Amino acid sequence: MPRKQPKTTPLILRIVSWVFYVFLCCFALLAGTAASWLGNGHVLTPLQYIPKAPVKLFGTHQFTVLMLGCDEDRAPGGAIITADKARSDMMLIAQLDFDKKKITGLSIPRDTGLRLPGGPMHKINAYHAYGGADLSKTAVETLLPGVSIDRVVTVNFEGFVDMVNAVGGVPINVEKNMDYDDKAGHLHIHLKKGLQLMDGETAEGYVRFRHSDNDFVRADRQHVFMLAFKSAAQKNGAAFPYMVDGLVKMLKDGLSSDEVVSLGYFVRDVPRANIKFGSLPVHDQPHTSILGVNEDEIPRVLRDYNLIENDHPAGDR
């Protein structure tokens, strides 16, 4: 008998939800910074950073986006595989309802098995390596019948350093000494316990460090950093255009500057009670690392997270 998912929140869901939460915070942070800056009588430059209504900008009342987290892969010998060829180790499909001010989403475990018509069975995260964002979109729409994806956004952290440097650094009270070197991954972390002003590269090491911790401890550390980053950004409204550029870079040009700012204002006004995340129902399969899908539960889960059978006519999409 397949082993069903435990009732406690799985680690992967907690991590994926936190990753998406980080980007929601970034969007809201950008909007709040811009609103404060404008409220003080300043004019943002360039002028395209003035927000536009999301319904008009995206041409839909309900915007469905597939987010792919693609850390750089390594070939034998350490050569970097570019992000557009890497496996998607984080997959989350989210819907933003602009009228009802709701954000809902489902994480898709990377080991979920899927067979496209005429092809062999693969783990779903492999499709990005085979055909990039377009094939990932096809794979997810095949996995989730009735779901139509408006945009695929590949998330990486190339712009993280730029965002931290744009606000002049972030003060963090480091809880312990952190020393770790990963030559193959070009990651070198050497932090001393105590209060310090972190630049972008130092901050990247701080949020990625987990050599002597588990993922829960790292997630807590990342949350502390986000709060400190928010405080630093709010004190430096002039950094707003550079923060937008950094976030656009983090999203690999999946969203334009206008779209980032528009979504920022939308996210800022979404009540916390209207943000809901879940996970695709899957189960272990004997003698394989590929996860099976509980297909009978998929229609209910898609309805619960507003990914099918919404209230708006199909022509609005």
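The structure contained in this document is the topic of the report that follows. Quick caveat: nothing in here was measured; it's all calculated off a predicted structure. (Residues numbered from 1 in each chain as written. Predicted model: local features only at pLDDT ≥ 70, side-chain atom pairs only at ≥ 80, totals over all residues. Heavy atoms only, no water.)

According to the stated counting rule, one finds six aromatic pairs in the structure shown. Judged by centre distance (5.0 Å) and plane angle (85 degrees), the ring pair of Phe98 and Phe266 falls under edge-to-face. Residue Phe98 is located in the loop between strand E4 (90–97) and strand E5 (102–107), and its partner Phe266 is located in helix H8 (residues 257–268); the two are separated by 168 residues in the primary sequence. Its relative accessible area of 7% is what places Phe98 among the buried residues. A centroid spacing of 6.3 Å and a plane angle of 15 degrees characterise the contact between Phe225 and Phe229, whose relative ring orientation is stacked. Of the two residues, Phe225 and Phe229 are both situated in helix H6 (residues 215–234); the distance of four residues between them amounts to about one turn of the helix. (Phe/Tyr/Trp six-rings, centres within 6.5 Å; stacked < 30°, edge-to-face > 60°. Helix = DSSP H or I, 4+ residues; strand = E, 2+ residues; numbered from the N terminus. Buried < 20%, exposed > 50% of the residue type's maximum accessible area, 1.4 Å probe, protein only.)

It is worth spelling out the sheet that holds strand E1 (residues 62–69) at this point. Taken together, five strands build an open sheet; the order of strands is E8-E1-E4-E5-E13 and the sheet is mixed. Strands at the two margins of the open sheet, each flanked by one partner only, are strand E8 (151–155) and strand E13 (275–279). Mean inter-strand twist for the sheet, computed between neighbouring axes without regard to direction, equals 20 degrees. Strand direction decides the pairing type here: E5 and E13, joined by five bridges, are parallel. Looking across to E13, one finds that Leu106 is bridged to Gly278. (Pairing = 2+ DSSP bridges. Axes fitted to C-alpha atoms, helices over the stretch in contact; angles between N-to-C directions.)

This paragraph deals with the packing of helix H7 (residues 240–250) against H8. Running from N to C, H7 and H8 point in directions that differ by 105 degrees, and their axes come no closer than 10 Å. On the basis of their axis angle, the class for H7 and H8 is roughly perpendicular. For the pair formed by H7 and H8, the contact residues are Phe240, Val244, Asp245, Leu247 and Val248 on the first element and Ser257, Val260 and Val261 on the second. Residues that form the contact of H7 with H8 fall into these classes: six nonpolar, one polar and one charged. (Parallel < 35°, antiparallel > 145°, perpendicular 65-115°, else oblique. Contact = heavy atoms within 4.5 Å. Nonpolar A, V, L, I, M, F, W, Y, C, P; charged D, E, K, R; others polar.)

On to the pairing of E4. For E4, a buried count of eight out of eight residues is recorded, marking the element as mostly surrounded by other parts of the structure. Neither face of E4 is left uncovered, since the one carrying Met90, Leu92, Ala94 and Leu96 and the one carrying Met91, Ile93, Gln95 and Asp97 both have all their residues buried. Taken together, the eight bridges between E1 and E4 define a ladder with antiparallel strand orientation. Residue pairing in the sheet places Gly69 in a bridge with Met90 of E4. Here E4 runs beside E5; their pairing, made up of six bridges, is antiparallel.

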